[in-house]
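Summary of the model geometry
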Amino acid sequence: FPVTIHTGELRKLALRALPLQAQALAEQAVLTGNQALLESAQNKLNTVFQLQVKDIENKYNYQKDIYDRVYTYATNAQKEKIDAKKEQAKNDFELKKDAINNAQELAKTAMANGQSTLASQITKLDPNSDTYIEDLAKLQSQIVIREKYTQSQLDQSTVNSINSTLTSATGNDGYTDP
């Protein structure tokens, strides 16, 4: 039997599969040290967020179009209500877009700190959920920022460690004890 999958269904499947693919690539990147795999994983996550923003943008534009079509036939009182609804739709759109962009930044931060599972969980959140912001905040609280060292800091750390070892090995006579 041939199976027909509609575009909307494919989109939903992609939104579910891409975070898992990104997580697998990121784990592989950690194991192999391959930076290109990590970048590929981040690109997959970015694609999910771009699709999410596009979805809410399409919904907003559709609502706005309906309001615009009805507007010309509305009375003045109805026009005021339509204007208020258009403004509310615009505000809702901007808030959702900002929340998605925030989620994208949090996923990047998690990924950069070796927490691909957490980045995947952030990416899987549904921006249309009533608890999206709360769920995002819970995941954000789990991000652990690793301290990153520059090469000069690492070199200085090595020098300090050697100096400390030599100092502790130096005897009262000023010579290094065997």
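In this report, the structure presented in the accompanying data block is examined. (Residues numbered from 1 in each chain as written. Predicted model: local features only at pLDDT ≥ 70, side-chain atom pairs only at ≥ 80, totals over all residues. Heavy atoms only, no water.)

Thoughts on the nonpolar core
Rules: Definition used in this section: a nonpolar core is a set of buried Ala, Val, Leu, Ile, Met, Phe, Trp, Tyr and Cys residues joined via side-chain atoms within 4.5 Å. Partly exposed residues are those whose accessible area sits between 20% and 50% of the maximum for their type, while under 20% is buried and over 50% is exposed, using a 1.4 Å probe and protein chains only. Runs of E in the DSSP output that reach at least two residues are strands. Runs of H or I that reach at least four are helices, and both are numbered from the N terminus. Any two residues whose heavy atoms approach within 4.5 Å at even a single point are treated as in contact.
Within the largest apolar cluster, 31 residues are counted, with the highest numbers of intra-cluster contacts made by L45, F49, I122, Y132 and L136. Breaking this core down by element, the ones donating at least two residues are α1 (7-32), α2 (35-71), α3 (76-112), α4 (116-124) and α5 (132-140). Ranked by residue count, the leading element in this core is α3, at 10 residues. Residue contacts for I122: discarding those within four places in its chain leaves F49, A103, L106, A107, L136, L139 and I143.

Things to note about the packing of α1 against α2
How we decide: Axes here refer to lines fitted to C-alpha atoms; in helices the fit is confined to the stretch in contact. Angles between the N-to-C directions go from 0 to 180 degrees. Angles below 35 degrees are treated as roughly parallel, those above 145 as roughly antiparallel, those between 65 and 115 as roughly perpendicular, and all remaining angles as oblique. Each crossing gets its handedness from the near helix: less than a right angle anticlockwise from the far helix is left-handed, clockwise is right-handed.
It is at 7 Å that the axes of α1 and α2 come closest, and there the two elements cross at 160°. In terms of their interaxial angle, α1 and α2 are classed as roughly antiparallel. Read as a crossing pair, α1 and α2 show a hand that is left-handed. Counting all contacts with α1, which are made through R11, L15, L18, P19, Q21, A22, L25, A26, Q28, A29 and T32, the residues of α2 involved are L37, L38, S40, A41, K44, L45, T47, V48, L51, Q52, K54 and D55.

Regarding the pattern of salt bridges
Heads up, the condition is: Here a salt bridge means any side-chain nitrogen of Lys or Arg lying within 4 Å of a carboxyl oxygen belonging to Asp or Glu.
Counted under the stated rule, the structure contains 5 salt bridges. The shortest N-O distance in the salt bridge between K97 and E94 comes to 3.8 Å. Pair noted here: K97 and E94 are both in helix α3, with a separation of 3 residues, about one helical turn. E94 gets classed as partly exposed once you look at its relative accessible area, which sits at 30%. With a closest N to O distance of 3.6 Å, K108 and E105 form a salt bridge. A residue pair is termed a helical-turn pair when its members lie 3 or 4 positions apart in one helix, as K108 and E105 do in helix α3 at 3 residues. Using a relative accessible area of 30% as the deciding quantity, one classes K108 as partly exposed. Judged by its relative accessible area of 43%, E105 falls in the partly exposed class.

Nothing here speaks to function; it is geometry throughout.
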